[in-house]
Structure formats: structure tokens, C-alpha cells
Amino acid sequence: MSALPDPSAEPAVGLRDLTVRFGETTAVEGVTLKVAAGEMFGLLGPNGAGKTTTLRVLTTLLPAGSGTATVFGIAVGAQPMEVRRVIGFVPQQLSADAALTGRENVSLFARLYDVPRRQRSQRVSDVLEVMGLADAAERLVATYSGGMIRRLELAQALVNRPRLLILDEPTIGLDPIARQGVWDRIDDLRDETGMTVLLTTHYMDEADALCDRVALMHRARIRAVGTPEQLRRELGPEATLEDVFRHHTGDQLEAGGDMRNLRQTRRTASRLG
Amino acid sequence: MASAVHPLDARSQLLSNGAHVGALCLVELQKLRHDRKELYTRAVQPALWLLIFGETFSHLHAIPTSVPYLDFLAPGILAQSALFVSIFYGIQIIWERDAGVLAKLMATPTPRSALVAGKAFAAGMRALVQGLVVLVLAALLGVALTTNPLRLAGVVVVVLLAAAFFSTLSIVLAGIVLSRERLMGIGQAITMPLFFASNALYPVALMPRWVQAIAVVNPLSYEVNALRGLLLGTPAALGTDIGVLAFSAAAGITTAARLLPRLTR
């Protein structure tokens, strides 16, 4: 059992020269990135840019091909169990179990995160309350709306009281009101807990309004990093993040979903009836 | 607010793994409680086997058995019912993979083997509940089943171990074919020989020699043998039977745990 680094002194996320290959294709190439503790950090880019692959390395689902990845100084490859204890993860798809109630969904994750038995039911109730699902907690998730499911998934991730919350496209497929609801909750939480949030999105306006800093990712590489304001100012007073992206990549951002995304969305839709 | 960051010692890790396996079994029971329709529809087939096949062959006296044929058949149908629940369990795993559930589970501090064991015994929970329906049916049809609690506890262990083996076999196949449709086809293709090249319907001694050879390496035969011994009191090598099932389940869990990362890649 090796000693772990003092978490307060380390960045929440540290990537150095991270490269991930799948056969011939390079999904992530030479990515170096630091996310400070307490930051809300957005990884922006079109589908296929390598955002999700980066998150999969950080969530211990995929080994780093080369380079290093750390979470609060803990090496993801060497000590995956320790990393899993400090993160909360919400994948891109709506991944709550429709055959269970909201409370049962959250309780499962409370158990999987080893929340002590005496605190479990209180903590489950608390996160359901915070996510505005207290009244719907005993209903089957099959009856939930998309926005409610996303908030339930946030509750599942938060029951662990993670130091780092990792969200893959948290508002994809939600209507504007549901999207706002999800964002308000994430914002409040961060104000209250000082938790670090790392998210991916391809909605530039959202990232601009909500993230402390963003990294623009395109074709497996990071093209620019900074506060949304910095990045916009470099281009001139009228520039939007959208323009910044085009400037750094010579490419449109919202190119629309590819086949895989479309299929996943359809599957989610059919699963939830 | 934040949880402390330090590795667990071996004992805490073991306790934690056990709790995680239990948690995954619990949600399976919760799902069954919310939707009993599946339980009932799955009860139709074993009921028909007992009623039509069982009653007909009891009349024909075509298969010589040491106990009445319906008694002989009941443990076989119990095992068959548990087999059907488990052998298609991989379909649920592929579903969970497509829905991102598997990724989310794998990002929790649950070792791969504990995750697979949790899924395997969750399939066992389903098989047990399904098996209970078969036993009630058999009792109603007049099969003389044991009421000895120790023997019934043995039945629970045997069904759990067998379901764990067949469900992890299904997860292994899921990890190889990575598609629900193909897994469905393979599941159907292997269910037939697993069932007919076993002692579920007739004694092994009646089979052609080459089918006997399959029956000897078929875990289903050991399951049926143990169930017959426990439920009816027929001679059975319970130690060997349970040993073979426990070994098969452990091998299945280990192999499936190795293939699991492939499913989330």
C-alpha cells in the first residue's frame, strides 16, 4: 500500500502528454492539461474530437496509451480504485435504470460507493432533495422526463460526495428548460461544496456562461486553453466562443451528430419508452 | 465534505466487495418486485413441460427411472428454468453497456470481479424466484418434494452456483460478440445441446455413448443430479456436484471479469 499524495496540494486533474490509440486511429494525441481544484472546466469540441476518450481515461475505464493522467495527484492507471473513490461520473447516455425507482437508483450507488449504512438513507434523501426529485423518489424512473433522469444521474454521482464531478455532455438532448434546470443545480452545488467539475459539451454558449476555463479540442488535440473571456478577447470585441473555435481549428463546431450518436440517442429513447 | 483518500486494507476491501455483490443482487429483486409479469410469463414454459411432457411420459413409461417419472423430471425442469434465465443474461449486460450503465458501474470502487459476481448472483436471484414457481407447480402436481430446511438451503446454493456459471458464460459470449442479436442466436444454439445432453429429461445411462461424453462435462448434469438428490433423496454425489458447480462458477466469474473492459471499450 503506497502513500497517496496530499490531495489539497495537487491539481484536480493532471494530464501530461496523454495519447490514446485505437488500432490505426488516434483518439487523443499529446494532451497536456491541468484543472485546478474547485474549477468548473469545460472540454469543448465537436463529436469525435477525443473529449469522451479523455474522460474515459480519467474515469479509469480506458488505460492511457502513453503519457500520464492523475486525479488529485493519484495516478489513474496505477491506483484506479483510489481514483474511483473521489470521482462522480455521469456518462453521455441517460443511464438511470428505468425498472427501478429514483430512490433505488441512488441507493444502489450509495452502496457501491461504500456510504456507511447509518448515513445511507439520509444521504440518499438529501441528494434527491437537492436535485428536486424528493416528490418523485418513489416513482419508477420509466415515468421520468429526460431532465429528471439527468438530475437523478447527478444525484447518483453526488451521493459519493465526490471531489471531482465528471460530466460527459450533461445537457445533450434536453429541452432548454430542462437544460437550465440541470445547470442551475450544478452551479448551486459548486457554490456550496467547492467541488471541481470537469465536463464536455459542444454547446459554446453554455460553456461561455458557466465554465471558469475551457479547452478547445479538435481532432484528438487541444487547440487552445483559457477563460472564455481571454479566448474571445484575443479575437476582438465582438468575437464569440464559436468564432474562437473556428479560428483555432478552421472548422465548424456544431457539425451535427454522427451515426453513432444518433443510434445511442435512439436507443435511449426506445429504452425509456 | 470530501471523502478521505486512502487505500482500503484487505479486510475492508473484502467486506466492501461482499456488500457490492449484495447491492447488485438487491436491485435485481427490486426489479422483480416492480414487474412481476416477466416472472409469470417465464413460468408458462416450465409449467407446460411438467404438464404435457411430464404427464405424457409418465403414462408411456418410456423412460425407466427409479422414482415416478414426474418426480424425476421436476428437478430437471427446475434446472432448465434457471438455465433459461441465466443463459440470456448477457443480453441485459449488452443493454447496460449501450445505455452507459456499465461504464457508470465500472467507475465506482467495485473491482471487476465483484461487479461480475454481483451480476452473476443477481441472475441467481432471478433463477431462484423462477425456480420457486416451478417447485410450487411440481408440488401441486403431486411430486413428493423434501421439506427438510437444510436440503432446501442446499437447493438454493446449487441453483445460485449454476445460475452464476451460466450467466457468466452468457456475459463471456456477450463480451465476444458484442451484439444482442448475435447473443440471442448463440444462446438458443447452445441451450439445446446443454439441455438435451444432460440428465434433465432421462438418465445418462440411456444416452448414446458420445452424448454421454457431453453430459459428463456439462455442468447442468451436476446441477440436476444435486437437485434430485436434495429434493427427492435419490443417490447423488453432492460433494462432487457442488464442487463442480462452485469451480465452474468461479471460472466463469474470473473469465467474464477479464472480458468486462472489452464491453466498455
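We now examine the overall build of chain A. The helix and strand inventory of chain A stands at 10 helices and 10 strands. The buried share of chain A, reckoned over its 273 residues, is 48%. Excluding contacts between residues fewer than 6 apart, the proportion of contacts in chain A whose partners are at least 24 apart in sequence is 67%.

Turning to the overall build of chain B, a few remarks are in order. From N to C terminus, chain B includes 11 helices and zero strands. Counting from the amino terminus, helix and strand elements in chain B follow one another as α-α-α-α-α-α-α-α-α-α-α. Taking 2.2 N^0.38 as the reference for a compact globule, 265 residues should give roughly 18 Å; the C-alpha atoms of chain B span a radius of gyration of 19 Å, in line with that estimate. Summarising its shape, the C-alpha atoms of chain B cover approximately 70 × 40 × 35 Å along the three principal directions. Long-range pairs, those at least 24 residues apart, make up 79% of the contacts in chain B with a sequence separation of at least 6.

On to the interface of chain A and chain B. With 37 residues of chain A in contact, the opposing surface of chain B contributes 28 residues. Secondary-structure elements contributing two or more residues to the side of chain A that touches chain B are α2 (80–86), β6 (87–90), α3 (102–112) and α10 (259–271) of chain A. Among the residues making up the side of chain A that touches chain B, the classes are represented as 19 nonpolar, seven polar and 11 charged.

What follows is about the packing of helix α6 (residues 112–140) of chain B against helix α7 (residues 149–177) of chain B. Residues and elements named next belong to chain B. Orientation of α6 relative to α7, taken along the N-to-C sense of each, is 125 degrees, at an axis distance of 7 Å. By the angle class used here, α6 and α7 are oblique. In this structure, α6 meets α7 at a crossing whose hand is right-handed. Of the residues in α7, those touching α6 at V116, K119, A120, F121, A123, G124, A127, L128 and G131 are V156, V159, L160, A163, A164, S167, T168 and I171. By residue class, the composition of the contact of α6 with α7 is 12 nonpolar, four polar and one charged.

Now for the pairing of strand β9 (residues 213–218) of chain A. Residues and elements named next belong to chain A. With six of its six residues buried, β9 lies for the most part within the structure. Burial along β9 is two-sided: the residues R213, A215 and M217 and V214, L216 and H218 are all buried. With four bridges joining them, strand β3 (residues 40–44) and β9 adopt parallel strand pairing. The partner of G42 across the bridge, within β9, is V214. Here β9 pairs with strand β10 (residues 221–226) via five bridges, running antiparallel. Note on β10: the bridge partner recorded for A215 is V225. In textbook terms, the turn of a hairpin is the stretch between consecutive antiparallel strands, and for β9 and β10 this stretch comprises two residues, one of which, R219, has a positive phi near 45 degrees.

Residues and elements named next belong to chain A. On the basis of which strands lie adjacent, the open sheet formed by four strands has the order β2-β1-β4-β5 and antiparallel pairing. Two strands bound the open sheet, and with one partner strand each, they are β2 (25–35) and β5 (74–75). Bridge analysis of strand β1 (residues 13–22) against strand β4 (residues 66–71) gives five bridges, and the strand direction is antiparallel. In the sheet register, T19 faces β4, and the bridge partner there is S66.

All names here are of chain A. Structurally, G236 can be placed in the loop between α8 (228–235) and α9 (241–249). Look at G236 and you get exposed, because 8 C-beta atoms sit within 10 Å. Remark: the alpha-carbon pair of G236 and K51, spanning 185 residues in sequence, is separated by 27 Å.

Time to look at the sheet that holds β9(A). Residues and elements named next belong to chain A. Judged by pairing direction, the sheet is mixed, and its six strands sit side by side in the order β6-β7-β8-β3-β9-β10 without closing on themselves. Strands at the two margins of the open sheet, each flanked by one partner only, are β6 and β10. The sheet shows a mean angle of 15 degrees between the axes of neighbouring strands, direction not considered. Here β6 runs beside strand β7 (residues 164–168); their pairing, made up of four bridges, is parallel. Bridge pairing in β7 links I87 to L164.

With that out of the way, let us pick up the nonpolar core. In this structure, A:V71, A:A155, A:V159, B:A162 and B:A163 are the most contacted members of the largest nonpolar core, which totals 160 residues. Dropping the residues within four chain positions of it, A:V71 is found in contact with A:A12, A:V13, A:L58, A:V76, A:V83, A:V86, A:I87 and A:L164.

Taken as a whole, chain B shows an average pLDDT of 92; of its residues, 98% reach a score of 70 or greater. Confidence, read as mean pLDDT per element, is least for helix α2 (residues 37–60) of chain B in chain B (91) and greatest for helix α10 (residues 219–232) of chain B (97).

In this section: the pairing of β1(A). Residue and element names in this part refer to chain A. Note: β1 against β2, seven bridges, orientation antiparallel. Residue L15 lies in a different strand from β2, and its bridge partner there is L33. Hairpin connection from β1 to β2: two residues lie between these consecutive antiparallel strands, with G23 at a positive phi of about 60 degrees.

Let us look at unusual backbone geometry. With a phi close to 70 degrees, A:T60 is a non-glycine residue in the positive phi region. Relative to the assigned elements, A:T60 resides in the loop between α1 (51–58) and β4.

On to the packing of α3(A) against helix α4 (residues 117–130) of chain A, then. All names here are of chain A. Running from N to C, α3 and α4 cross one another at 125 degrees; their axes reach a closest spacing of 10 Å. Put simply, α3 runs oblique to α4. In this structure, the crossing between α3 and α4 has a hand that is right-handed. Between α3, through G102, R103, V106, S107 and A110, and α4, the contact on the second element is made entirely by R120, R123, V124, V127 and L128. Broken down by class, the residue content of the contact of α3 with α4 amounts to five nonpolar, two polar and three charged.

The next point concerns the confidence of the model for chain A. For chain A, the average pLDDT comes to 88, and 89% of its residues sit at 70 or higher. Per-element confidence in chain A is highest for α3(A), whose mean pLDDT is 98, and lowest for α10(A), whose mean pLDDT is 51.

Take α6(B) next. Given a rise of 1.5 Å per residue, 29 residues ought to cover 42 Å, and the 42 Å separating the end C-alpha atoms of α6(B) matches this to within 8%. Just downstream of α6(B), B:G142 is the residue with a positive phi angle, here 90 degrees.

Basis of the calculations
- Residues numbered from 1 in each chain as written.
- Chains lettered and ligands numbered in written order.
- Predicted model: local features only at pLDDT ≥ 70, side-chain atom pairs only at ≥ 80, totals over all residues.
- Helix = DSSP H or I, 4+ residues; strand = E, 2+ residues; numbered from the N terminus.
- Buried ≥ 20, exposed ≤ 12 C-beta atoms within 10 Å, placed from the backbone.
- Contact = placed C-beta atoms within 7 Å.
- Rg over C-alpha atoms; globule rule 2.2 N^0.38 Å.
- Nonpolar A, V, L, I, M, F, W, Y, C, P; charged D, E, K, R; others polar.
- Axes fitted to C-alpha atoms, helices over the stretch in contact; angles between N-to-C directions.
- Parallel < 35°, antiparallel > 145°, perpendicular 65-115°, else oblique.
- Left-handed = near helix turned anticlockwise from the far one by under 90°.
- Pairing = 2+ DSSP bridges.
- Core = buried A, V, L, I, M, F, W, Y, C linked by C-beta atoms within 7 Å.
- pLDDT = per-residue confidence, 0-100.
- Expected span 1.5 Å × (residues − 1).

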